[in-house]
Structure formats: structure tokens, C-alpha cells
Amino acid sequence: MLDLRRLRLLRELDARGTVHGAARALGYTPSAISQQLAVLEREAGAKLLERTGRNVRLTDAGRVLVRHAATLLDGVEAAEAEVAAIAAGHPAGVVRVSAFQSAFLRIVAPAVAALARSHPDIRVEVTEAEVEESVPALRLRQLDAVVGDEYSGQPRPVHSDLTRESLVREQVRVALPETHPQASQSRVRMAQLADARWAACQPGTGHREMQIRACRELGGFEPDLRYASDDFLILVELVRTAGACALLPDLVVGYGTPGVAVRSFAEGAIDREVFLLTRATRTPAVEAVAAALHQATP
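Parameters and conventions
- Residues numbered from 1 in each chain as written.
- Predicted model: local features only at pLDDT ≥ 70, side-chain atom pairs only at ≥ 80, totals over all residues.
- Heavy atoms only, no water.
- Helix = DSSP H or I, 4+ residues; strand = E, 2+ residues; numbered from the N terminus.
- Buried < 20%, exposed > 50% of the residue type's maximum accessible area, 1.4 Å probe, protein only.
- Contact = heavy atoms within 4.5 Å.
- Phe/Tyr/Trp six-rings, centres within 6.5 Å; stacked < 30°, edge-to-face > 60°.
- Lys NZ or Arg CZ within 6 Å of the ring centre and 35° of its normal.
- Expected span 1.5 Å × (residues − 1).
- Bend = angle between axes of the 7 residues up to and from the residue.
- Axes fitted to C-alpha atoms, helices over the stretch in contact; angles between N-to-C directions.
- Parallel < 35°, antiparallel > 145°, perpendicular 65-115°, else oblique.
- Left-handed = near helix turned anticlockwise from the far one by under 90°.
- Nonpolar A, V, L, I, M, F, W, Y, C, P; charged D, E, K, R; others polar.

Visitor: It is not clear to me how the environment of V252 should be interpreted in this structure. Could you clarify?
Guide: The residue V252 is located in helix α9 (residues 250–253) in this model. A residue is classified by how much of its surface remains accessible, and V252, at 8% relative accessible area, is buried. Residues V252 and D14, spaced 238 residues apart in sequence, show a C-alpha to C-alpha distance of 38 Å. When near neighbours in sequence (up to four residues on either side) are disregarded, V252 contacts S102, F232 and V236.

Visitor: What am I meant to see in the packing of aromatic side chains here?
Guide: Aromatic ring pairs are reported here in terms of the distance separating the ring centres and the angle at which the planes meet. Scanning the model with the defined rule gives one aromatic pair in all. Geometry around Y255 places R106 over its ring, the cationic atom sitting 3.9 Å from the centre.

Visitor: What am I meant to see in helix α10 (residues 284–296) here?
Guide: Within an α-helix, residues lying three or four positions from one another point in the same direction, as the helix has 3.6 residues per turn. The end-to-end C-alpha separation of α10 is 18 Å, in line with the 18 Å expected for 13 residues at 1.5 Å each. Residues of α10 that are buried: A285, V286, A288, V289, A290, A292, L293 and A296. Residues of α10 that are buried sit in contact with β3 (93–99), α5 (101–118), β4 (122–128), β5 (145–151), β6 (162–177) and β12 (271–279).

Visitor: For this particular structure, what's the right way to read α5?
Guide: Its 18 residues give α5 an end-to-end C-alpha distance of 24 Å, which sits within 8% of 26 Å, the value for a rise of 1.5 Å per residue. Along α5, the helix axis deviates most sharply at V108, where the bend reaches about 35°; the proline P110 sits within four residues downstream. All of the buried residues along α5 are Q101, S102, A103, I107, V108, A111 and L115.

Visitor: What's the story with the packing of α5 against α10 in this structure? I'm lost.
Guide: For any two helices packed against each other, one specifies the inter-axial angle together with the distance between the axes. Two numbers describe how α5 lies on α10: the axes approach to 8 Å, and their chain directions differ by 125°. As far as their axial angle goes, α10 and α5 are oblique. The two elements α5 and α10 meet at a crossing, and its hand is right-handed. The residues of α10 that touch α5, namely those facing R106, I107, V108, P110, A111 and L115, are A288, V289, A292, L293 and A296. Each residue belonging to the contact of α5 with α10 can be placed in one class, and the counts come to 10 nonpolar, no polar and one charged.

Structure below.
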């Protein structure tokens, strides 16, 4: 009989690439991971791992087992959720969600408040995180739902084992100090902001890539990126107090900010889609959370 906990360890090893990576992700020691995988090999009656230098890789039998592990783990998760729902008389259980900041504030928090009233037996645990780090956690069952974003012209990877639903499509605007010479215009030409100081998210994020691309393609210049934060509220404050410019979506600036002028582009438009990612097989509790997120969308 194969142990599901050990199957999860094997799947984590496959995803992380090393025993040490799997150990860090699951809070085990590397030796404990190795011991449990040795037991799994005895249970399976086949060699699942082979050494390659100082690392290990899955054998053909190991890859087959990882593929079936996903189906088995989905089945157990669905069974547990169904039993919990029967016991409670309605959807119940824990649903772990991650979201980036502006969606957390404007969509996820209102949805959690609504669920507390409509589905009190669903425990929603929410973490602020960018989609780049959340998707692997979703695929490895450390999360149940991810609220992510995608800027036009910067498609996110597509995963066959995940389901994606659009929550809202919004416009990206130019945020600049009210005292800036271009603030008097209803539409701002990007080329006129070539000398501005810019604030953006950290390197490696979709927002920073979008801002650099917009300055290059619409304005024909390389932005002077002086300030970096993944906190959009900090970016807004840098516009208001430090005289920076930033490209920010409506979920951030669509509610009005004193001291900050919000303008559209003269050269065209950039939009952002906010989407929901879940695994293809969803429990009743995850379905209820997904419905609440849709209803909370502005």
C-alpha cells in the first residue's frame, strides 16, 4: 500500500529538483526526506530515484508515480471536503488563498467578509504574495486559489492542471504629482515624462517589466527607476511626496488620491487582467470562495 504522505514528498522533490529544496518547502530535514522516500521505494517495489552527482533524479517508475500522485491527492482532497460538507450540511473546510496587494484590498478582503456571513464553516486563510511565487505553491497543494494579474503584452504561463477565470480587466494609468506640468493635460504623452523620476515594483515582477516596456515603446526612453517597492501604496506615496511618476492600475488609483493626478496615455492604452487560478478539481469550499471573489469584484 502506497502512503499518500510519501507520495507528496516524491511530488515535491520532482517540483523542487533537490532533496534540500523539498525539505525546505515542507519543513523537514533532508535526511528525513531521504528516509521516507526510501520507504516509498520499498512500498512501490521499484527504484524511484537515481543519483546524478550530488543530486537525485526520478527514474521512469518515479515519474509514473508522480503523475498518478496528482490524481490520488486530488481524490483524497475531494473526499475530505465532501465528508466535511456532509457533516456541516453545507460547504466547509479550509481554503488557502494568495493575492497581490491591490486585489487583496479591493477584492479578497470584501469576499472574506461576505463568506464569514454566508459560509461560516469555511475557514479562509489569505496570504499576500505575487503570482510568480504563488503558482508553484498552488500546483503543490500548499494553496487552493491564487489571485494573480497579467498586463497586456506580457502573457503568463499556461498550466494544463490549473483553471483560470477572469475577475476584472482594468486600465493602467499615469500617476504623477498634481504639481507636475503635465498634470493639467487630460491625456499625458509618455515622451514628455522622459526626464521624470520613476517608481515601480521590484525587478522580476510583471509590473516593473510593464513600466519599462511602456516607457520604451510609448515614450522612446529608458526610465530613471529610482524607487522600488512591491507595495502599491508606497508607490502612490512616492508620487505624492517624492515627485515620482508611476504607471498604476485602476484598483490602486481609481478611488482618488489627494496630491496625485491620474491620467490616461495619449498614445494608446495598457490594461491589466486580474484573474483567479485554482486546480482543475475544486472542492465545494473552493467553489464557494471562487463565487465570493467574483461577486466582490468592483
